[in-house]
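# An overview of the molecular structure
Here's the letter readout for the chains.
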Amino acid sequence: QEGMPRQQTLLQMFEDCELRRETRIIVPEGLGKNRKVTFVFENTRLEVALPEGYQVGQEVPILVPKRPPLEKNVAQAHCRGHPGFPDKHTIMEPLRHSSRADKTCKLGDPEFVHRYEMYKHLRGKSMHPLLPFTPEADLASKSPDAKP
């Protein structure tokens, strides 16, 4: 028997909310011409350019996107409701083939910059867990003779 479509489940709704979190920051004094601000959100340092029209001391809503772990392939990503997200196959296939660089190549060339970005996806450091660590029970507060 078929289950309900994933798009209608609470899991999908919860995941969508976690992948597109919003936070608010206050415009600091001494903002430069590029209007960039660095802040820490959920133990991750982020840098954003504040939109025009906000003055010092005002709250600015900032959308903080998260990226889930890479799916195995495009079909699995589509089934899990991540149709536009990168997947392992799409990243690994171009990396398997060596570059066609000539003698004048440099690490700043667009091809190498692109390959470096793809390798960052594979390291696992650019993904975000959908659920932060949450202990299930406070074991220290339980007495030794308490029953589960």
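The preceding data block contains the structure.
What counts as what
Residues numbered from 1 in each chain as written. Predicted model: local features only at pLDDT ≥ 70, side-chain atom pairs only at ≥ 80, totals over all residues. Heavy atoms only, no water. Helix = DSSP H or I, 4+ residues; strand = E, 2+ residues; numbered from the N terminus. Buried < 20%, exposed > 50% of the residue type's maximum accessible area, 1.4 Å probe, protein only. Contact = heavy atoms within 4.5 Å. Patch = residues over 30% accessible without salt bridge, like charges linked within 9 Å, V, L, I, M, F, W, Y side chains within 5 Å. Areas by Shrake-Rupley, 256 points an atom, 1.4 Å probe, with all protein chains shown as cover. Salt bridge = Lys/Arg side-chain N within 4 Å of Asp/Glu carboxyl O. 1 Å grid on protein atoms, 1.4 Å probe; cavity = no way out; pocket = protein on both sides within 12 Å on 5 of 7 lines; lining within 4 Å. Points joined across faces, edges and corners; volume = space filled by probe spheres on them. Nonpolar A, V, L, I, M, F, W, Y, C, P; charged D, E, K, R; others polar. Arc of directions from axis to C-beta. Lys, Arg positive; Asp, Glu negative; His and termini not counted. Axes fitted to C-alpha atoms, helices over the stretch in contact; angles between N-to-C directions. Parallel < 35°, antiparallel > 145°, perpendicular 65-115°, else oblique. Left-handed = near helix turned anticlockwise from the far one by under 90°.

Take the overall build of the protein chain next. In terms of regular secondary structure, the protein chain is built from four helices and four strands. A total of 148 residues make up the protein chain; the buried ones form 20% of that total. At a minimum sequence separation of 6, the contacts of the protein chain that also span at least 24 residues come to 50%.

This part is about a nonpolar patch on the surface. Taken together, the side chains of Met92, Tyr119 and Leu122 make up a nonpolar region of the molecular surface, amounting to roughly 250 Å² of accessible area. Relative to the elements of secondary structure, Tyr119 occurs in helix 4 (residues 110-123). In this structure Tyr119 comes out as partly exposed when scored by relative accessible area, which is 43%.

Per the stated rule, a full pass over the model turns up one cavity of 30 Å³ or more. Its boundaries defined by the atoms lining it, the largest cavity holds a volume of some 30 Å³. In this structure, the largest cavity is lined by Arg67, Pro68, Pro69, Leu70, Glu71, His82, Phe85 and Pro86. Residues of the lining of the largest cavity, tallied by class, amount to five nonpolar, one polar and two charged.

Looking now at helix 1 (residues 10-19). Buried within helix 1 are the following residues: Gln12, Glu15, Glu18 and Leu19. All buried residues of helix 1 fall inside an arc of 125° around its axis, so they share one side. In this structure, helix 1 carries Leu10 and Met13 as exposed residues pointing more than 90 degrees from its buried face. Tucked into the core, helix 1 has its buried residues touching strand 1 (20-26) and strand 4 (59-65).

Of note, Arg115 is situated in helix 4. Although Arg115 is buried, it makes no salt bridge; Glu111 carries the closest opposite charge, 4.8 Å away. Residue contacts for Arg115: discarding those within four places in its chain leaves Pro94, Leu95 and His97.

This part covers unusual backbone geometry. Positive phi is not limited to glycine here, since Arg35 has a value of about 60°. Along the polypeptide, Arg35 turns up in the loop between strand 1 and strand 2 (36-41). Judged by relative accessible area, Arg35 falls into the buried class, the value being 13%.

So, about the environment of Ile26. Its location among the elements puts Ile26 in strand 1. When the C-alpha positions of Ile26 and Val60 are compared, they lie 6.1 Å apart, and in sequence the two are 34 residues distant.

It is the contact of helix 3 (residues 88-96) with helix 4, at a shortest axis distance of 10 Å, that shows an interaxial angle of 130°. Taken together, the axis directions place helix 3 and helix 4 in an arrangement best described as oblique. Classified by chirality, the crossing of helix 4 by helix 3 is left-handed. Taken together, the residues of helix 4 that come into contact with helix 3 (itself represented by Ile91, Met92, Pro94 and Leu95) are Arg115, Met118, Tyr119, His121 and Leu122. Split into classes, the residues belonging to the contact of helix 3 with helix 4 amount to seven nonpolar, one polar and one charged.

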